[in-house]
Amino acid sequence: MPAGAKRFMRMKEIDGYTRTCGLIGNPVEHTLSPVIHNTLAGLTDQKLCYVPLKVEAERLEEAVKGAYALNLLGANVTVPYKSDVIPFLKEIDPLAEEIGAVNTLVRTEGGYKGYNTDMPGLYRAMRSDGVRVEGEKVLVLGAGGVARAVAVLLARYGAEEIILMNRTPEKAQRIADEINTMTKTAIARAMGYEDYELLPKQDRCLAIQATSVGMYPDCGDVVIAEEAFYRRIHTGYDLIFNPKKTRFMELVEQSGGRAFNGAKMLLYQGIIAYELWSGLSISEEMADQVFAAMEEA
Ligand code: ATR
C-alpha cells in the first residue's frame, strides 16, 4: 500500500468520538510523545489522538484554559513549563507537589489535575531493568530541578541513603536539607565530585546521572572522569537518551557495572500518562512494542 493510502487509513480512524491529548511546550518539534501515545492508542484500540501544542510563554494560562474549553482529555507539559503550569491547575497530585513539577494534566470536573509521571516513569524503567531502589545507597549527580526530582523519588520509594554530588556543592546541600525536612529523616547528604574518595570502597552504589553534561552534541563530556569513582558503582542510570550510550555509561561499564540510558524513563513516563488518561493498564509486551516504535522514529 502506498504511504499516502496508509496515512489516509489512519486519518479515517479519527471521527466525532475521538478524544484529543497533546504536548504543551516550546519547542515541541523534536518530541517522541506523539509516537508513544498514538502507538498506544492503536495498540489499545482507543479513539485518542495526540498532537504537539506549541505555546508561547506569556500565553500558558490561556493555553491551559483553552485546552480545557476545547475538551482536551489531557496533556503532557514539557520544557520550560513544568513548574510554571502549576498555578493554572485545579488540583495537584502530592508527589508532583513535592517534586514541584508537573508533566501530565488529567481532565477532572472544573479543571485539570497535575501529575508528575517522569519520576514514577524512571522508577518503572528501573524495575523493568531489574534495578532496585529499596534499601539502596544512591548517588545522584547534579543539583538542578531534575536531580531534586530524582532525590524526592528515591526518598519516597525506599532508598536507604541519598548522596547528592554537584559541581556547586552548596546547591546539593540545599536539596539534601529540603529532602531531610520533607521526610523528617537524615536520609540525604551532599558532597562535591572531588570528594568521591570519602565514599566507602566496600559497598558499591546505584548512581543516577541527572545533569545535562554529555548530551548531544557534547557526547564525550562527563561530570566526573576518574576511574576510581566508577569502581564504587554497581549500576549507573544516565537520564540522557541522546546519545544512546553516554561517556558516563561507558565509564560505568568499563569498571564492571551495568549502565542504562534515559530512553525507558521517557517510555514509561508516557505509559503512565496514557494509563491516567485511558484508565487502562499497559502490559510489558505493549511497552516493548511502543519502545520499538520509538526506536524506529
Ligand atoms: P535541570 O532543571 O535540567 O536539572 P539545571 O537546573 O540547569 O537543569 O541543572 C543543571 C545541573 O547540571 C546542575 O547540577 C549543574 O551543576 P551546577 O549546579 O554546579 O551548575 C550541572 N552542570 C551543568 N553544566 C555542568 C558542567 N559543565 N560541569 C558540571 N556540572 C554541570
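In this text the structure is predicted, and so the values were computed from the model without any measurement.

1. Quick word on the overall build of the protein
Then step 1. Helix and strand counts for the protein stand at 11 helices and 12 strands.
Then step 2. What you see for the protein is a C-alpha radius of gyration of 20 Å, in line with the 19 Å of a compact globule of 297 residues.
Then step 3. By its C-alpha atoms, the protein is 60 × 45 × 30 Å across when sized along the principal axes.
Then step 4. Scored against the burial criterion, the 297 residues of the protein give a buried share of 49%.
Then step 5. Taking the contacts inside the protein whose residues are at least 6 apart along the sequence as the reference set, 71% of them involve residues at least 24 apart.

2. Details of the site of the ligand
Then step 1. For the ligand, the full set of nearby residues is Gly142, Ala143, Gly144, Gly145, Val146, Asn166, Arg167, Thr168, Lys171, Thr211, Val213 and Val223.
Then step 2. Backbone polar atom of Ala143 to an oxygen atom of the ligand: 2.8 Å apart, as the coordinates give it.
Then step 3. In the model, an oxygen atom of the ligand is placed 2.7 Å from a nitrogen or oxygen of the Asn166 side chain.
Then step 4. With the chains in place, 62% of the 640 Å² that the ligand exposes on its own is no longer accessible.
Then step 5. Looking at side-chain class alone, the shell around the ligand contains 4 nonpolar, 6 polar and 2 charged residues.

3. Description of the domain arrangement of the protein
Frequently, the measure chosen for interface size is the accessible area removed from exposure when the parts meet.
Then step 1. What the domain assignment lists for the protein is domain 1 (3-116 + 264-296) and domain 2 (120-261).
Then step 2. Computed from C-alpha atoms alone, the centre-to-centre distance between domain 1 and domain 2 is 28 Å.
Then step 3. The interface of domain 1 with domain 2 comprises 16 residues on the first partner and 17 residues on the second.
Then step 4. For the pair domain 1 and domain 2, the summed buried area comes to about 1,400 Å², and 61% of that belongs to carbon and sulfur atoms.
Then step 5. Considering only the side of domain 1, the residues that lose the most area to domain 2 are Glu98, Lys264 and Met265, jointly responsible for 40% of the buried surface there.
Then step 6. Our count for the domain 1 to domain 2 interface comes out at 4 salt bridges.
Then step 7. A salt bridge links Lys244 to Glu295, with the shortest nitrogen-to-oxygen separation between them at 3.4 Å.
Then step 8. In this structure, the connection of domain 1 to domain 2 is made through 6 residue pairs in polar contact (both at pLDDT 80 or more).

4. Side note on the nonpolar core
Then step 1. Counting 61 residues, the largest nonpolar core has Leu122 and Ile162 as its most contacted members.
Then step 2. A per-element tally of this core places helix α10 (residues 263-278) first, with 9 residues.
Then step 3. Counting only domains with at least three residues in this core, you end up with domain 1 (3-116 + 264-296) and domain 2 (120-261).
Then step 4. Residues within four places of Leu122 in sequence aside, it is in contact with Val150, Leu153, Ile208, Tyr237, Leu239 and Met265.

5. Observations regarding the packing of aromatic side chains
Both the distance between ring centres and the angle between the ring planes are used here to describe each pair of aromatic rings.
Then step 1. In total, this model carries 7 aromatic pairs according to the counting rule given.
Then step 2. An angle of 35° between the planes, with centres 6.1 Å apart, marks the rings of Tyr50 and Trp277 as tilted. Within this pair, whereas Tyr50 is found in strand β2 (residues 48-54), its partner Trp277 is found in helix α10, the two being separated by 227 residues in sequence. Trp277 matches Tyr50 in its accessibility class, with the two residues each being buried.
Then step 3. Residues Tyr123 and Tyr157 carry aromatic rings whose centres are separated by 4.4 Å and whose planes lie at 55° to one another, so their mutual orientation is tilted. With a gap of 34 residues between them, Tyr123 in helix α5 (residues 118-128) and Tyr157 in the loop between α6 (145-156) and β8 (161-165) connect regions that are remote in the sequence.
Then step 4. For Tyr123, a relative accessible area of 13% corresponds to the buried category.

6. Looking at the sheet that holds strand β9 (residues 188-191)
Then step 1. With respect to topology, 6 strands assemble into an open sheet ordered β9-β8-β7-β10-β11-β12, the strand pairing being parallel. Looking at strand neighbours, the two that pair on one side only are β9 and β12 (258-260), the edges of this open sheet. Taken over all neighbouring pairs, the strand axes of this sheet differ in orientation by 20° on average, direction set aside.
Then step 2. Sheet topology note: the β8/β9 ladder contains 4 bridges and is parallel.

7. Here's the deal with the sheet that holds strand β1 (residues 19-25)
Then step 1. Pairing within the open sheet is mixed, and its 6 strands lie in the order β2-β1-β3-β5-β6-β4. In this open sheet, the two strands that pair with only one neighbour each are β2 and β4 (91-92).
Then step 2. Where helix α2 (residues 33-43) meets the sheet, it contacts β2 and β3 (74-77), and its direction lies at approximately 165° from that of β2.

8. Notes on the packing of α2 against helix α11 (residues 284-296)
Then step 1. Between α2 and α11, the least distance of the axes is 9 Å, while the angle of their chain directions is 135°. By the angle between their axes, α2 is oblique relative to α11. Handedness of the crossing formed by α2 with α11: right-handed. In contact with Val35, Ile36, Thr39, Leu40 and Leu43 of α2, α11 contributes Met286, Gln289, Val290, Ala293 and Met294.
Then step 2. Classifying every residue of the contact of α2 with α11 by side-chain character gives 8 nonpolar, 2 polar and no charged.

Analysis parameters
Residues numbered from 1 in each chain as written. Predicted model: local features only at pLDDT ≥ 70, side-chain atom pairs only at ≥ 80, totals over all residues. Heavy atoms only, no water. Helix = DSSP H or I, 4+ residues; strand = E, 2+ residues; numbered from the N terminus. Rg over C-alpha atoms; globule rule 2.2 N^0.38 Å. Buried < 20%, exposed > 50% of the residue type's maximum accessible area, 1.4 Å probe, protein only. Contact = heavy atoms within 4.5 Å. Near = heavy atom within 4 Å. Polar contact = N/O pair within 3.5 Å; in protein donor to acceptor, adjacent residues only side chain to side chain. Areas by Shrake-Rupley, 256 points an atom, 1.4 Å probe, with all protein chains shown as cover. Nonpolar A, V, L, I, M, F, W, Y, C, P; charged D, E, K, R; others polar. Domains from an automatic or database assignment. Buried area = accessible area lost by both parts, 1.4 Å probe. Salt bridge = Lys/Arg side-chain N within 4 Å of Asp/Glu carboxyl O. Core = buried A, V, L, I, M, F, W, Y, C linked by side-chain atoms within 4.5 Å. Phe/Tyr/Trp six-rings, centres within 6.5 Å; stacked < 30°, edge-to-face > 60°. Pairing = 2+ DSSP bridges. Axes fitted to C-alpha atoms, helices over the stretch in contact; angles between N-to-C directions. Parallel < 35°, antiparallel > 145°, perpendicular 65-115°, else oblique. Left-handed = near helix turned anticlockwise from the far one by under 90°.

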